[in-house]
Amino acid sequence: MKMTRIVALVGAGWLVGCGGVEAPMDEQTDLATREDKLPACNHKQFERIFYAEPAKLTEVGRWECNCDSNTAFQHGGTSLYYTDVNVEFCPVGG
């Protein structure tokens, strides 16, 4: 009997603790219009190609960094799996 109560209390704790608080509908982010800050290019010109899987077979998106801008331009999605190509350092001066 004592063990049943402990299990029930632990289970109830998991339900309460893991659920979190849901944001009201008017406060949720619309993913179609959300603008996340893109990373700085750190004075480099390159393309970062993102892939759906570790084997890097299916491209899901890209970042393009140019010397004209220190912020990346994003096309498509991102993921944890990527490769940087055509990396060049931008000339300093002006």
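Source: prediction; values computed, not measured.

A. Representation of the pairing of strand β2 (residues 59-65) in the model. When strand β1 (residues 44-51) meets β2, the two strands line up antiparallel, connected through 6 bridges. Residue pairing for β2: Glu47 is matched across the bridge by Glu64. Here 4 bridges tie β2 to strand β3 (residues 73-76), and the two strands are oriented antiparallel to one another. Each bridged residue has a counterpart across the sheet, and for Arg62 the counterpart in β3 is His75.

B. Representation of the side chain of Arg48 within the structure. Within the fold, Arg48 resides in strand β1. Take Arg48: its relative accessible area is 17%, and that puts it in the buried class. Looking at Arg48, its side chain comes within polar contact range of the side chain of Asp84, at 2.6 Å. If sequence neighbours within four positions are ignored, Arg48 has contacts with Gly61, Arg62, Trp63, Tyr82, Thr83 and Asp84.

C. The pattern of salt bridges, seen in detail. Enumeration over the complete set of coordinates arrives at 3 salt bridges. Through salt bridges that share partners, Glu47, Glu59 and Arg62 make up one connected network.

D. Geometry of the sheet that holds β3. Pairing in this open sheet of 4 strands is antiparallel, and the strands run β3-β2-β1-β4 from one edge to the other. Two strands bound the open sheet, and with one partner strand each, they are β3 and β4 (81-89). Neighbour-to-neighbour, the strand axes of the sheet open up by a mean angle of 15 degrees, direction not taken into account.

E. Seen up close, the packing of aromatic side chains. Throughout the structure, instances matching the rule amount to 2 aromatic pairs. With a centroid separation of 5.0 Å and an interplanar angle of 75 degrees, the aromatic rings of Phe50 and Trp63 are classed as edge-to-face. Residue Phe50 is found in strand β1, and its partner Trp63 is found in strand β2; the two are separated by 13 residues along the sequence. Accessibility classification places Phe50 together with Trp63 in one group, the buried group. Judged by centre distance (5.8 Å) and plane angle (55 degrees), the ring pair of Phe50 and Tyr82 falls under tilted. One end of the pair, Phe50, is in strand β1; the other, Tyr82, is in strand β4, with 32 residues separating them in the sequence. Look at Phe50 and you get buried, because its relative accessible area is 3%. For Tyr82, a relative accessible area of 36% gives the class partly exposed. In this structure an aromatic cluster arises from ring pairing among Phe50, Trp63 and Tyr82.

Parameters and conventions
Residues numbered from 1 in each chain as written. Predicted model: local features only at pLDDT ≥ 70, side-chain atom pairs only at ≥ 80, totals over all residues. Heavy atoms only, no water. Pairing = 2+ DSSP bridges. Helix = DSSP H or I, 4+ residues; strand = E, 2+ residues; numbered from the N terminus. Buried < 20%, exposed > 50% of the residue type's maximum accessible area, 1.4 Å probe, protein only. Polar contact = N/O pair within 3.5 Å; in protein donor to acceptor, adjacent residues only side chain to side chain. Contact = heavy atoms within 4.5 Å. Salt bridge = Lys/Arg side-chain N within 4 Å of Asp/Glu carboxyl O. Axes fitted to C-alpha atoms, helices over the stretch in contact; angles between N-to-C directions. Phe/Tyr/Trp six-rings, centres within 6.5 Å; stacked < 30°, edge-to-face > 60°.

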